[in-house]
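What follows is each chain in one-letter form.
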Number of protein chains: 2
Amino acid sequence: MANATRRRNVGQISGESIVIEAAWMYYNDGLNQSEISQKLKVSRATVVNYLQEARARGYIRISLAPEVFTGHQLAQDLREKFGLKAAFVLPGGNCSEEERLMRVARGAADWLPSLLNPGDRLGVAWGRTVYEVAEAVEQVKMDDVTVSQLVGSMATPYGFTAEICSAHMAQNLGAKCINLHAPAVLSDPVLAAKLRQEPIIRAQLDALSHCNKAIFAAGSCDPDSHIVSSHVASDKDLDWYVKQGATGVLCGRFIDAQGQPIPGELDDHMIGITLDKLLGLDVGLLVSDGASKVAPMLAAIAGGYVTHVVTSNETAQMLLDAAS
Amino acid sequence: MANATRRRNVGQISGESIVIEAAWMYYNDGLNQSEISQKLKVSRATVVNYLQEARARGYIRISLAPEVFTGHQLAQDLREKFGLKAAFVLPGGNCSEEERLMRVARGAADWLPSLLNPGDRLGVAWGRTVYEVAEAVEQVKMDDVTVSQLVGSMATPYGFTAEICSAHMAQNLGAKCINLHAPAVLSDPVLAAKLRQEPIIRAQLDALSHCNKAIFAAGSCDPDSHIVSSHVASDKDLDWYVKQGATGVLCGRFIDAQGQPIPGELDDHMIGITLDKLLGLDVGLLVSDGASKVAPMLAAIAGGYVTHVVTSNETAQMLLDAAS
DNA sequence: GGATCACTTTGACAATTGTCAGCCCTGCGT
DNA sequence: ACGCAGGGCTGACAATTGTCAAAGTGATCC
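The model shown is predicted, which means the values in this text are computed figures rather than measured ones.

Per the stated rule, a full pass over the model turns up 20 salt bridges over all chains. As a salt-bridge pair, A:R100 and A:D289 come within 3.1 Å of each other at their nearest N and O atoms. In this pair, A:R100 sits in helix 6 (residues 97-115) while A:D289 sits in the loop between strand 9 (283-287) and helix 14 (294-302), placing the two residues 189 residues apart along the sequence. A salt bridge links B:D120 to B:K213, with the nearest nitrogen and oxygen atoms 2.6 Å apart. Taken together, the residues B:D120 in the loop between helix 6 (97-115) and strand 3 (121-124) and B:K213 in strand 6 (residues 213-216) connect sequence positions 93 residues apart. Since its relative accessible area comes to 5%, B:D120 is described here as buried. Assessed through its relative accessible area of 6%, B:K213 is described here as buried. What you see here is one network of salt bridges that share partners, running through A:E21, A:D29 and B:R103.

Let us now look at the packing of aromatic side chains. All names here are of chain A. Applying the stated rule across the entire model yields 16 aromatic pairs over all chains. With centroids separated by 4.2 Å and ring planes inclined at 10 degrees, the aromatic side chains of Y241 and F254 adopt a geometry described as stacked. Linking Y241 in helix 12 (residues 235-243) with F254 in strand 8 (residues 253-255), this pair joins segments that are 13 residues apart in sequence. Considered together, Y241 and F254 belong to a single accessibility category, that of buried residues.

All names here are of chain A. Alternating residues of strand 4 (residues 146-149) divide into T146 and S148 and V147 and Q149, and every residue in both groups is buried. Sheet topology places strand 3 (residues 121-124) next to strand 4; four bridges connect them, and they run parallel. In the sheet register, L122 faces strand 4, and the bridge partner there is V147. Viewed along the sheet, the connection from strand 3 through helix 7 (residues 128-136) into strand 4 turns out right-handed.

In the superposition of chain A on chain B (RMSD 0.2 Å, axial shift 0.1 Å), the rotation amounts to 180 degrees. Both copies are brought into coincidence by an operation consistent with a two-fold rotation axis. Of every C-alpha in chain A, the one belonging to A:I62 sits nearest the axis of rotation, 2.2 Å from it.

This part covers helix 12 (residues 235-243) of chain B. All names here are of chain B. Turning to helix 12, its buried residues are D237, L238 and Y241. Along the axis of helix 12, the buried residues cluster in a sector spanning 100 degrees; they form a single face. Among the exposed residues of helix 12, those oriented more than 90 degrees off its buried face are K236 and K243. Where helix 12 is buried, its residues meet helix 11 (226-229), strand 8 (253-255) and helix 13 (265-269). Immediately beyond the C-terminal end of helix 12, within one or two residues, lies G245, with a positive phi of roughly 105 degrees.

What counts as what
Residues numbered from 1 in each chain as written. Chains lettered and ligands numbered in written order. Predicted model: local features only at pLDDT ≥ 70, side-chain atom pairs only at ≥ 80, totals over all residues. Heavy atoms only, no water. Salt bridge = Lys/Arg side-chain N within 4 Å of Asp/Glu carboxyl O. Helix = DSSP H or I, 4+ residues; strand = E, 2+ residues; numbered from the N terminus. Buried < 20%, exposed > 50% of the residue type's maximum accessible area, 1.4 Å probe, protein only. Phe/Tyr/Trp six-rings, centres within 6.5 Å; stacked < 30°, edge-to-face > 60°. Pairing = 2+ DSSP bridges. Right-handed = clockwise from strand over helix to strand, strands pointing away. Least-squares fit on C-alpha atoms with pLDDT ≥ 70 in both. Arc of directions from axis to C-beta. Contact = heavy atoms within 4.5 Å.

Here it is as structure tokens:
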């Protein structure tokens, strides 16, 4: 393979770059395939092959202009009403909740790299949404970015543990990754406290304090919420917190409608970032979608954790309506 | 217009954003136009219209991956041989000199925004090549970038004066623009000196010292060079400088094969940046192409003014051959 | 009301692009 | 030499996409 002699249109252009030549003519010069095939003296079918190869190798970048999603009316309304730095509102038209979630995740993934600068430390939460964002991020080379896992790992049956979320995110961003090698929840608060004092864990938790940006989703307090199915909280815990006024979940912590953390038993059992650390970040990126997330999102925003939001048309409208 | 009631598929998605919806489905979800027309419940022809509108409005960004041009063999060879930070080598295959120049200009225009950061001050030289680059830059919003005109204005018959080059560049980059409101060459050195002392001109010249990046082309010393046809130098001047060893022209100044400025009468007549100010920049972007530019480019590189190069395949090869 | 205007939408047709089986080289093993 | 394998190229056909003139639709002004 390596030194196999390729022919590729002998006597023509330097050989390997004929693919690029074709791609340039097609996408930059605006020639059609027939014209290109004439110039290159190959059949049009070959030009098709070249173009496909160019696309397959990722030479061609096609993207929708981000301004479209941050600039339109709903996005501006969100920004003004909630005092955000920016909002990214995607068309969700007619899709199922599932499809909408994927779109929102993809939108966040497209937007995220432009929110990061060299030297940044990005905290990554966990959950289905965050996982899909991590997966959807296009491989790019972000110089000097560090990704940190915001909460410990859990036994979610779906494969989107906090570890995997942060690892994939770092992988696709070409960033360094600091994982938190501990469970998110321990049955014994004493053990949890001891673990927090372990030098390795302690260092990792310290690192979290230095994050200047974070990406997270808002979790709902429904009985079928992932916080229960991932065994972070039991049904009993959930009931208790809801009685205390829990409206949403952020990084594994329950918050009330004003976004204030609700102190409770779980705090002592958990290993992960505390919510006060999420205040005052350069970027607090909330990615969530769906009717069930409206109240949690509002709570997170009210708590001041959020500077940027990614969501769909529909959810944006619900947020605005609910807050009017 | 503002409050005119648009119909656009009444009862469907919020109306204006149906274009975005269609674009998303087409480019992100990979659906074809028929599928989209079904989902959106419009005819396929309408979908075509939506997509065209999206493209016309610039919602769709298509670009060739820059790594292709900075990564391939010739670019790496250039970088190593001349100690550059990066080189951008475009396919020039089979084109006329004119077409190659346009490609190189376009390549530079595509690359330039990614070389700029907030706070940068970009010095812009003049000439046919620089003009084409300025024209080819896609309208983007670069926050907090300032463009400075590196040399005074001249009576070129072709419309690419230094003023126009820098103004268009700033325009398309969405940057501020500092023009140099003075002729590049004055017949009287005393007058030139006086003009340099004028507060406005002086301030503008001072601003040039603060540029941290610059874009320029290498000019040749042929009798049909633009430096002559634009009346910056006379034929007699040119002859004299060539006799002194002039190999190229950079920002209106003659340099020898080692890139050293050749002191001469013209210096006192000129208003514009001096070459020592171009040393040690974060980015010195040389954009040039063609056989006649090979020697001037080598001279500019030898002089240490250049950190980044944009050129074609063919010229890159000539540079490497000539320097081997 | 109805004529007009500016606009979007549409169906039928034209052009462009994608697919695929088979050909034609070249290198390699027998 | 010969046959084989594999990659690249091609022509004919299929699918997708673009064009354009005509028709529809609400708003606005007699």
